[in-house]
Amino acid sequence: MHTDTESCVRAVRAKDARFDGVFFTAVLTTGIYCRPSCPVVPPKPRNMRFYPSAAACQQAGYRACKRCRPDTTPGSPAWNHRADLVARAMRLVADGVVDREGVTGLATRLGYSTRQVERQLLAELGAGPLALARAQRAQTARILIETTQLSMAEIAFAAGFASIRTFNDTVRDVYALAPGELRTRAAGLRSRTAPGTSGILSLRLPFRAPLNPSNLFGHLAATAVPGVEEWRDGAYRRTLRLPHGSGVVALTPAPDHVACRLALTDQRDLTVAISRCRRLLDLDADPVAVDEQLRTDELLAPLVEKAPGRRVPRTVDEPEFAVRAVLGQQVSTAAARTHAARLVRAHGEPVDDPEGGLTHLFPTPEALAALDPESLALPRSRRTTLTGLVRQLADGTLKLGVDSDWGEARARLTALPGFGPWTVEVIAMRALGDPDAFLPTDLGVRRAAQGLGLPSTPAAFTARAAAWRPWRAYAVQYLWATDDHPINYLPE
C-alpha cells in the first residue's frame, strides 16, 4: 500500500488506526517516522514519505516518533494470510531466526539462496533481513529498558546485540535517546503504577480493533491441558518452550490491548516469546477486512454483526498442536485433555510456577517418539496415528512451523496413516496459521450450517463457502459460536 501515496495521505489525515503496521509515514522536515494514527497534526503531503516497514524507515535515517511509538504497532496482517517467500521470511524473522542462525540460516530454512531472500525482502519491504532483525532488536531493547531493572549490558545481550557499543548506537539511532534516557523517561510512568514482581516482565500487546475475546480465550481455556495451561484470575496461562530456556506467560484481555506477564528463564527469549503469544492470539489480523468479506454472505452477516472481531485461536508450538489434534480425533474435549495430560505427566519436562499451578512443558516429538505405544490408553489405530506423526516430526521428515509451506505440509500430513481431512485442516488452521483452512466435516460446523440453511453435504458446503475465501477459518469461528459450548465463553 505504501506506493499508493493518495491512499496513504488519506489514512494519515484520518488518523486511521487500521493501517498501523501496514505502512509507516516518514516526515522530511523532522526526520522522524510515525504510525498512520499518530495524534499530532499531520505534516503537509509534500513532506511525507511512505515506507512498508519500520526497518525501511530506520535504514533511510528516520527516528521513531516519541509520541505515537510506531515500533509498538501490530504487525502487518499480510504476513499471516500469505504463504509466499516474503511472508514466511517475515514470520521467521519475528521468531528470532536471524539472531540465532543468521541470514544463511534463514535462507536455508526457506530453501532459497541468501541472495534471493535479500532481493525479495528489499523489493517488498525496503529492507533486508539484517535490517529487519535490527529493528526488532531495538524494540526488544526498549521493552527491557523501560520495564525491567536489568543492567544495560544484560539488556544488550538479551535483545540480541553482539556488543554494548552496537546496542548503544542502535538505540540512539532509532529513538534519538541514549538507553539511560529512555529508562529515565519511563521511570515516571512506573512510579505511578503498581509495583511489579521481580523477574516478571509486564507488557501490553496491541491489536487492531475490534477483538472479541469470548471464543479466543474461551477456546484456549476450555481445551487447556492440565499442567501446561490453565485459566487463573481472569488470565490464560501456559508454559512456553523457547530457544534458550522456558517461560510462563499470563495473557489477560483488556478493551484496547492484551496484558502480558512473562517469566523467562533466559531474557534472550523475550522477542520470540512475544512473537509466539501474538501468533497464539492472532493479534496481527485485520478484523475489519475479514468481517467485511464475511458480511457479504446474507446468512453469515447476522453472526458477524452480533459479535464482530473474532480471531482464530492458534498455538505457540506447532508440533504440540499436531499431537493434540490426533488425541482429539473423534472424542470429547474433556477426553482429549485427559489423554494429553497423561502424556505431559509421563514425558513432559517439569517447570517452576510460583504464581500458579503449571507444572510441565509439553513433551517434545523426540520424547514422544521414544515412548512405548502399548503404554498409551488409546485405540490401536490411534496409537499408530500418533506414533507415525511423532516419528516423522522427530526425524525431520515432517516439519511444522511458522516457515512451513502450507501446501507441502498438508500433503505430508495427508500421507500419514489416520490423517483425514478434519485433522489436516484443523492443523492447517491453528498450527500453520492458514486463514483459509476449512472444516466442512466438523460436527459443530455442520450443525451450525444446517441451522443457518447452508448446504449439509461437505462438497456442497465447500462450494458454497468459496465466497468466504480467503477467510474461511474465520467463518468457522463464527459458525462454532452458534453452539452453546464452553469454547465460546470466557470462564467465570
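Owing to the predicted nature of the structure, the values given are computational and were not obtained by experimental measurement.

(A) The arrangement of the overall build of the chain in detail. Assigned secondary structure in the chain consists of 23 helices and eleven strands. For the chain, the C-alpha radius of gyration of 23 Å lies close to 23 Å, the compact-globule estimate for 492 residues. Along the first, second and third principal axes, the C-alpha set of the chain runs to 65 × 50 × 50 Å. Looking at the 492 residues of the chain, the share that counts as buried comes to 55%. The long-range fraction of contacts in the chain, counting pairs at least 24 apart against all pairs at least 6 apart in sequence, stands at 67%. Accessible surface, the chain: about 20600 Å² in total, of which carbon and sulfur atoms supply 52%. In the chain, 61 side chains carry a positive charge and 51 a negative one; their mean positions are 4 Å apart.

(B) Examining the sheet that holds strand 7 (residues 235-242) more closely. The strand order 5-9-8-7-6 describes an open sheet built from five strands, whose pairing is antiparallel. Both outer strands of the open sheet, strand 5 (200-205) and strand 6 (229-232), are each paired with one neighbouring strand and no more. Each strand of the sheet is rotated relative to its neighbour by a mean of 25 degrees, with strand direction disregarded. Relative to strand 9 (residues 258-264), strand 5 runs antiparallel, the two sharing six bridges. Bridging across to strand 9, Leu205 finds its partner in Val258.

(C) Spatial organisation of the pairing of strand 8 (residues 245-253). Here strand 7 runs beside strand 8; their pairing, made up of seven bridges, is antiparallel. Note on strand 8: the bridge partner recorded for Arg241 is Ser246. In terms of strand pairing, strand 8 meets strand 9 through seven bridges, oriented antiparallel. Across the sheet, Pro253 pairs through a bridge with Val258, a residue of strand 9. Remark: four residues form the turn of the hairpin made by strand 8 and strand 9, two consecutive strands paired antiparallel.

(D) Quick look at the packing of aromatic side chains. What the rule picks out here adds up to ten aromatic pairs. Judged by centre distance (6.3 Å) and plane angle (70 degrees), the ring pair of Phe217 and Trp231 falls under edge-to-face. Note that Phe217 is positioned in helix 11 (residues 213-222) and Trp231 in strand 6, a separation of 14 residues in sequence. The exposure class assigned to Phe217 is buried, which follows from its relative accessible area of 0%. With centroids separated by 6.2 Å and ring planes inclined at 80 degrees, the aromatic side chains of Phe438 and Trp468 adopt a geometry described as edge-to-face. Taken as a pair, Phe438 in the loop between helix 20 (421-432) and helix 21 (443-452) and Trp468 in the loop between helix 22 (458-464) and helix 23 (472-480) lie far apart in primary sequence, 30 residues in all. Trp468 matches Phe438 in its accessibility class, with the two residues each being buried. Among the aromatic residues, ring-to-ring pairing joins Phe19, Phe23 and Phe50 into one connected group.

(E) Examining the confidence of the model for the chain more closely. Per-residue confidence for the chain averages 92 on the pLDDT scale, and 98% of its residues sit at or above 70. With pLDDT under 50 throughout, residues 191-196 is counted as low confidence; its partners more than four residues away or in other chains account for zero contacts.

(F) Main features of the pairing of strand 1 (residues 24-27). Taking every second residue as pointing to the same face, both faces of strand 1 are buried, with Phe24 and Ala26 on one and Thr25 and Val27 on the other. As paired elements, strand 1 and strand 3 (residues 48-51) share four bridges and run antiparallel to each other. Within the sheet, the bridge partner assigned to Val27 lies in strand 3 and is Met48. Sheet analysis places strand 1 next to strand 2 (residues 32-34), joined by three bridges and oriented antiparallel. Following the sheet pairing, Thr25 is matched in strand 2 by Cys34. Turn length for the strand 1-strand 2 hairpin, with the two strands adjacent in sequence and antiparallel, is four residues, and the turn residue Gly31 shows positive phi of about 75 degrees.

(G) Seen up close, the side chain of Thr387. Along the polypeptide, Thr387 turns up in helix 18 (residues 380-395). Overall, Thr387 belongs to the buried group, its relative accessible area being 12%. At 3.2 Å, the side chain of Thr387 forms a polar contact with the backbone oxygen of Thr384.

(H) How the structure looks around the pattern of salt bridges. One pass over the structure, following the stated rule, counts 35 salt bridges. Among the salt bridges present, the one from Asp434 reaches Arg410, with a minimum N-O distance of 2.9 Å. With Asp434 in the loop between helix 20 and helix 21 and Arg410 in helix 19 (residues 406-414), this residue pair connects regions lying 24 residues apart in the sequence. Asp434 gets classed as buried once you look at its relative accessible area, which sits at 8%.

Rules used in this analysis
- Residues numbered from 1 in each chain as written.
- Predicted model: local features only at pLDDT ≥ 70, side-chain atom pairs only at ≥ 80, totals over all residues.
- Heavy atoms only, no water.
- Helix = DSSP H or I, 4+ residues; strand = E, 2+ residues; numbered from the N terminus.
- Rg over C-alpha atoms; globule rule 2.2 N^0.38 Å.
- Buried < 20%, exposed > 50% of the residue type's maximum accessible area, 1.4 Å probe, protein only.
- Contact = heavy atoms within 4.5 Å.
- Areas by Shrake-Rupley, 256 points an atom, 1.4 Å probe, with all protein chains shown as cover.
- Lys, Arg positive; Asp, Glu negative; His and termini not counted.
- Charge placed at Lys NZ, Arg CZ, Asp CG, Glu CD.
- Pairing = 2+ DSSP bridges.
- Axes fitted to C-alpha atoms, helices over the stretch in contact; angles between N-to-C directions.
- Phe/Tyr/Trp six-rings, centres within 6.5 Å; stacked < 30°, edge-to-face > 60°.
- pLDDT = per-residue confidence, 0-100.
- Polar contact = N/O pair within 3.5 Å; in protein donor to acceptor, adjacent residues only side chain to side chain.
- Salt bridge = Lys/Arg side-chain N within 4 Å of Asp/Glu carboxyl O.

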